[in-house]
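# Examination of the molecular architecture
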Amino acid sequence: MNTAGHSEATARRGLELNPFRGLRYDPDRVGSLAAVTSPPYDVVVRPDGLHHLQSADPYNIVRLILPQAATPEARNEQAADTLRRWLDEGVLTTDPDPALYVYEQRDGDGMLQRGIIGALRVSEPAEGVVLPHEDVMPPVVADRAALMRATRANLEPLLLTYRGNGAAAEVVEETAERPPLLATTTEDGFRHRLWAVTDPAEVARVQSDLAHHQALIADGHHRWATYRRLRAEQPSPSAWDHGLVLLVDTARYPLRVRAIHRLLHRLPVADALAAVNGLFRVRRLDKPLPEALAALADAACAGNAFLFAGDGTFHLVDRPDPDLLARTVPADRPAAWRSLDATVLHATLLDHVWHIPEDSPAHIAYIHDTAATVEKAERDGGTAVLLHPVHEEVVRDLARQGVTMPRKSTSFGPKPASGLVLRALEL
C-alpha cells in the first residue's frame, strides 16, 4: 500500500490527452444510434439484458464488448471477426481527422453532464496522475486484456473525473454551442450528443490545461488496469501507450455516486442472519424498497449499516460489535477506510463471519441496480446485501493518500454509453 499520497499540486506530470480518429457507426447502416448503444460491459445486469441488447439491432455494440461463445478464446475471436466485418461492410467508419470529442448526457430530471473523450497516456499509480480508488479482480483484468488484444481496440471509454474549471471546461462549453456530430436518446431517457474538436488551437488549450491536473477513476478500474497491462507488454512507443477515456470536470458537473450491491448466491437469508446474530443489531423491515433504503440511509449516518434481502422482506443490520471490528478490520489503514461499509462487509462479514471468497463468481456477484439485486436474490434463494453510497469527497481523499477501497465500493454516474465512439489502435 502506498501511503505517501498524491496531491494535485505536486503531481510531476499531469494528464496527457491526445486526439484520435474516432471509430463511429454510420447512421445510414444501422436501425438507429440508440439501438446500437449499450451500458458499459459490467452494467448489463437485467436477466434478459444481453438478449434485449442483441435484439435491439444486429450491430449493437454488446456483440463486441460481451461476445457470446463457448470458450473465452472463441468469444474474443468472435469479437475480433465481428469488428473486422463491420469495418469491411462500412457499418463502422473512421472519422477523417484526429479529434478530441465533447460528450454530453442529459436526463429528464434536469441532470446535465459534459466531458471530453480522448486517448489518455497510460500511467502507473505511483506517478499520481490517474488515481484508482478500488482494488481490481485479476481474472476480470485478464478477460478484458484478452478481448482488447484480439480486437486491437478500445471498445468503450472509462470514466475519469478531475476538478479544473479552466480552459478545458471553456472549450467544452464553446463546443456545445455548435451543431453536434450525432444526437440520440436511449431507452433509459438519456439524451446523448457528441462533437469533434479538431482545431489545433482548441486542442492545445485543452491539453495545456489538463497537463496541470490529476484524475480520479470514477468507473473502469478493471479497464484501466487492462490498459496498464497491455502497455507493459509492448515496446514503447506504441498505440498501447494510450487508452480511451471520458474526462469529466466535476467542478462544473458533479457526478452522482451510488452503491454497488452484493448478491451472495449460495447463502440463504436465514443463514446470513443466523451468522450475524449477536454480532450486529438486526431489525426486520416490512416496508417497500424505497422506505427500506431510507431506513438504511438513516442508520448509515450513525455507523456501519446494511440491508439484507431475498426472503420477501428486508432486514436492517447495523451497530456491529466494536470488539468484532477490532479483531477483523485491518488496523494499518486510515480511520476513514476502516469505517467504510464496504470495508466492514469484506473484512468482517465476507471473510470472518460467512467465509465467502470475494473474487469467486460462483459465490458472489456485484450488481449496480438495487431492484435487480433484490429480485435475483428472491428468485435464486440467495442473499442481497444492499449498501449506502459513499460520499465523493471520501473517495477522492483516500485516493490521494494512495489508499484503495474494497473492490466495487462505488458506482459513479452517469456512465458514458458504449457504442458512440470507439478507438481502433491501428488507425
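Residues numbered from 1 in each chain as written. Predicted model: local features only at pLDDT ≥ 70, side-chain atom pairs only at ≥ 80, totals over all residues. Heavy atoms only, no water.

Looking now at the sheet that holds strand β17 (residues 314–318). Taken in spatial order, the six strands line up as β15-β17-β16-β19-β14-β18 in an open sheet, and their pairing is antiparallel. Across the chains shown, the open sheet's two edge strands, defined by having one partner strand only, are β15 (281–285) and β18 (364–367). Strand after strand, the sheet turns through a mean of 25° between neighbouring axes, direction not considered. Across the sheet, helix α12 (residues 341–354) is in contact with β14 (261–264), β16 (305–309), β18 and β19 (383–386); its angle to β16 comes to roughly 55°. Strands β14, β16, β17, β18 and β19 of the sheet are contacted by helix α13 (residues 370–380), whose axis makes an angle of about 160° with β19. (Pairing = 2+ DSSP bridges. Helix = DSSP H or I, 4+ residues; strand = E, 2+ residues; numbered from the N terminus. Axes fitted to C-alpha atoms, helices over the stretch in contact; angles between N-to-C directions. Contact = heavy atoms within 4.5 Å.)

Another aspect to go through is unusual backbone geometry. Excluding glycine, residues mostly have negative phi values, and the peptide bonds linking residues are mostly trans. Omega for the peptide link from serine 236 to proline 237 comes to 5°, which places this bond in the cis form. Relative to the helices and strands, proline 237 resides in the loop between α7 (221–233) and β12 (242–249). Of the consecutive residues glycine 413 and proline 414, the connecting peptide bond is found in the cis state with omega at 5°. Secondary-structure assignment places proline 414 in the loop between β20 (411–413) and β21 (423–424). For arginine 152, which is not a glycine, the phi torsion comes out positive at approximately 50°. The backbone phi angle of arginine 319 is positive, close to 50°, even though this residue is not glycine. With respect to the helices, strands and loops of the structure, arginine 319 is situated in the loop between β17 and α10 (322–328).

Both strand β4 (residues 100–106) and strand β10 (residues 191–197) contribute to a ladder of seven bridges, which runs antiparallel. Across the sheet, tyrosine 101 pairs through a bridge with alanine 196, a residue of β10. Both strand β9 (residues 182–185) and β10 contribute to a ladder of four bridges, which runs antiparallel. Paired with leucine 182 across the bridge in β10 is leucine 194. Linking β9 back to β10 in an antiparallel pair, the connection comprises five residues, with glycine 189 at a positive phi of about 90°.

Moving on, we come to the packing of helix α4 (residues 138–151) against α7. For the pair α4 and α7, interaxial distance at closest approach is 9 Å and the crossing angle is 60°. As summarised for this structure, α4 and α7 are arranged oblique, according to the angle between their axes. Here the hand of the crossing between α4 and α7 comes out right-handed. Contacts between α4 and α7 pair Val140, Val141, Ala142, Arg144, Ala145, Met148 and Arg149 from the former with His222, Arg223, Ala225, Thr226, Tyr227, Arg229, Leu230 and Glu233 from the latter. Counted by class, the contact of α4 with α7 contains eight nonpolar, two polar and five charged residues. (Parallel < 35°, antiparallel > 145°, perpendicular 65-115°, else oblique. Left-handed = near helix turned anticlockwise from the far one by under 90°. Nonpolar A, V, L, I, M, F, W, Y, C, P; charged D, E, K, R; others polar.)

Another point: the pairing of β12. Here β12 lies mainly inside the structure; eight of its eight residues are buried. Where burial is concerned, the two faces of β12 agree: the one with His242, Leu244, Leu246 and Val248 and the one with Gly243, Val245, Leu247 and Asp249 are both buried. Relative to β12, strand β5 (residues 112–121) runs antiparallel, the two being bridged by six bridges. Bridge assignment links arginine 121 to a residue of β12, and that residue is histidine 242. Here five bridges tie strand β8 (residues 158–162) to β12, and the two strands are oriented parallel to one another. Each residue of the ladder has a partner; that of threonine 161, found in β12, is valine 248. (Buried < 20%, exposed > 50% of the residue type's maximum accessible area, 1.4 Å probe, protein only.)

To continue, consider the environment of tryptophan 240. As for its placement among the helices and strands, tryptophan 240 is situated in the loop between α7 and β12. Each C-alpha atom of the pair tryptophan 240 and leucine 425 lies 7.3 Å from the other, and the pair is 185 residues apart in sequence. For tryptophan 240, the contacting residues outside a window of four places in its chain are Val122, Met148, Arg149, Arg152, Tyr227, Leu230, Arg231, Gln234 and Leu425.

Relative to the helices and strands, arginine 327 resides in helix α10. Along the backbone, arginine 327 and methionine 405 are 78 residues apart, and their C-alpha atoms lie at a distance of 19 Å.

A word on the confidence of the model for the protein chain. Chain-level pLDDT for the protein chain is 92 on average; 96% of the residues reach the 70-or-more range. Low pLDDT (under 50) marks residues 6–11, which in the prediction has 15 contacts with non-local residues, meaning those over four places away or in another chain. (pLDDT = per-residue confidence, 0-100.)

This brings us to the packing of aromatic side chains. All told, the structure shown has six aromatic pairs when counted by the stated rule. A centroid spacing of 5.3 Å and a plane angle of 55° characterise the contact between phenylalanine 20 and tyrosine 101, whose relative ring orientation is tilted. Within this pair, whereas phenylalanine 20 is found in the loop between β1 (17–18) and β2 (23–25), its partner tyrosine 101 is found in strand β4, the two being separated by 81 residues in sequence. Each member of the pair, phenylalanine 20 together with tyrosine 101, is buried. Taking the centre distance of 6.2 Å and the plane angle of 50° together, the rings of tyrosine 25 and tryptophan 86 count as tilted. On the criterion of sequence distance, the pair formed by tyrosine 25 in strand β2 and tryptophan 86 in helix α3 (residues 72–89) is long-range, its members being 61 residues apart. For the pair tyrosine 25 and tryptophan 86, one class covers both residues: buried. An aromatic cluster is built from Tyr25, Tyr59 and Trp86, whose rings are joined through pairwise contacts. Sitting over the ring of tryptophan 337, arginine 333 keeps its end group 4.5 Å from the ring centre. (Phe/Tyr/Trp six-rings, centres within 6.5 Å; stacked < 30°, edge-to-face > 60°. Lys NZ or Arg CZ within 6 Å of the ring centre and 35° of its normal.)

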